[in-house]
Amino acid sequence: MHSSFRRTCVALSIPAVLLLTSCSDDGLGDTDALSGVDLHFTDEGSPEVILRSPLELEEEASRVLDRGDGEDLDEEQILEVSHAVADPSSGEIQEESFSQDNPSMIFLPQMQEQSEFIYESLTDTDLTVGSEIALFEPANAETGAQATLLVLRVEGQSPAFAEGEVQEQDGELPEIENEEGVLPELLGGNDGDAPEEVSTEVLIQGDGEEVAADDQVVVRYSGWKWSDGELFDSNWPADDEEADAGPAGFPLSSLVPGWAEGLEGEQVGSRVLLVIPPESGYGEAEEGAAEGTQHELAGETLIFVVDLIASAEAPQAAAPAPAPEGQPELSEEDIEEMIEQMEAEQGGAEGAEEGAEGDDASNDDANEEETE
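Residues numbered from 1 in each chain as written. Predicted model: local features only at pLDDT ≥ 70, side-chain atom pairs only at ≥ 80, totals over all residues. Heavy atoms only, no water.

Digging into unusual backbone geometry
One can expect most non-glycine residues to show negative phi and most peptide bonds to be in trans. The condition is simple: Numbering of helices and strands runs from the N terminus, with a helix taken as a DSSP run of H or I at least four residues long and a strand as a DSSP run of E at least two residues long.
Positive phi, normally seen in glycine, also occurs at aspartate 126, with a value near 55°. Assignment of secondary structure puts aspartate 126 in the loop between helix H2 (116-123) and strand S9 (132-137).

The structure is reproduced here in structure tokens:
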């Protein structure tokens, strides 16, 4: 609960929790202790957490502040939540996303593995879309974490896979076993000449916003090698018994170029088939290259099936600090002259020190002679 919330996080990173004392539709643990917590908003839309008294609990507790009138939460879907992290002694907001229109994403099966407390607070209290809930975590002496009050509002939920109209393939790209919500399979069609450019085909047509090349995306995906059809990566569970790690979120700029080239302009909710040649993937394989000096997929044409679950603008990198006003811009010649001047001054200082040492020695000799 002490971690930051970000839109492309499909689950929160939260430390292990203590056993709970009680569970009800109103919340978990000592729900009465949170009865004095209220969530308000300023005219500008910024959240305010109001406390009637400081929270001094020794165990986790949660309390439903307001029940929304939306649909019931589906434990297999991704929740979109706005949040505010507040000081439990004063209610002072330390971090919030309500005013930024930038909800975080929580994949509930993964949340269950990371925090039973948060998972049960969201699933065992009859929450619906639009509900608000307060969650308290006490200080942890072992980790040094401070006590935290977190207030969440469930803004919406969406499937953890592509959802839309299934499209019929035209036969130009590899054939994919394509069913909504089910792990896609490569069936064939990759035994001919591989495309020389990034090639795409929409397998399921979504109706969400278009993806930009520099967006962050949340996706389900599987990847095969064109050369032999081997599955080399996937974040789908391979069978019903395997734990579902859930969708993955990352900036397109951090992936091989073919992803941004192929997904730009596609709509969220779609399933897209990508065929990526080496130059837009991991590069051409170099003969005689030392082991470990190139990617194991270098030289491979890659086949990906990508479910576009969500997309958002990637955070902007912090701008460099501006130079102080009035500071002149120095050219390379100016810098070289400054270095030469500093070296000359340093040499002169060393010569002066040597001269001073010589003078001291002469004075010492003269003093000795006078003493004699």
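Focus on the side chain of aspartate 307
So the rule is basically this: Note on exposure labels: buried denotes an accessible area under 20% of the residue type's maximum, exposed denotes more than 50%, and partly exposed covers the range between, all computed with a 1.4 Å probe on protein chains only. Note on definitions: a residue-residue contact is assigned when non-hydrogen atoms from the two residues lie within 4.5 Å.
With respect to the helices and strands, the residue aspartate 307 is situated in strand S19 (residues 302-313). Under the relative-accessibility criterion, aspartate 307 is labelled buried at 0%. Once residues lying within four places of it in the same chain are set aside, the contact partners of aspartate 307 are Phe161, Ala162, Val218, Val219, Arg220, Trp236, Ser270 and Arg271.

Looking at the packing of aromatic side chains
The criterion, for reference: Only centres within 6.5 Å qualify two rings of Phe, Tyr or Trp (six-membered ring in Trp) as a pair; their planes then separate them into stacked at under 30 degrees, edge-to-face at over 60, and tilted for everything else. For a Lys NZ or an Arg CZ to count as sitting over a ring, it must be within 6 Å of the ring centre and within 35 degrees of the ring normal.
Enumeration over the complete set of coordinates arrives at five aromatic pairs. Residues tryptophan 259 and phenylalanine 304 carry aromatic rings whose centres are separated by 5.2 Å and whose planes lie at 70° to one another, so their mutual orientation is edge-to-face. Of the two residues, tryptophan 259 is situated in helix H3 (residues 257-263) and phenylalanine 304 in strand S19; the sequence distance between them amounts to 45 residues. For the pair formed by tryptophan 259 and phenylalanine 304, the shared burial category is buried. The rings of Tyr221, Phe232, Phe250, Trp259 and Phe304 are connected pair by pair, giving a single aromatic cluster. A cation sits over an aromatic face here: arginine 220 above tryptophan 236, 4.9 Å from the ring centre.

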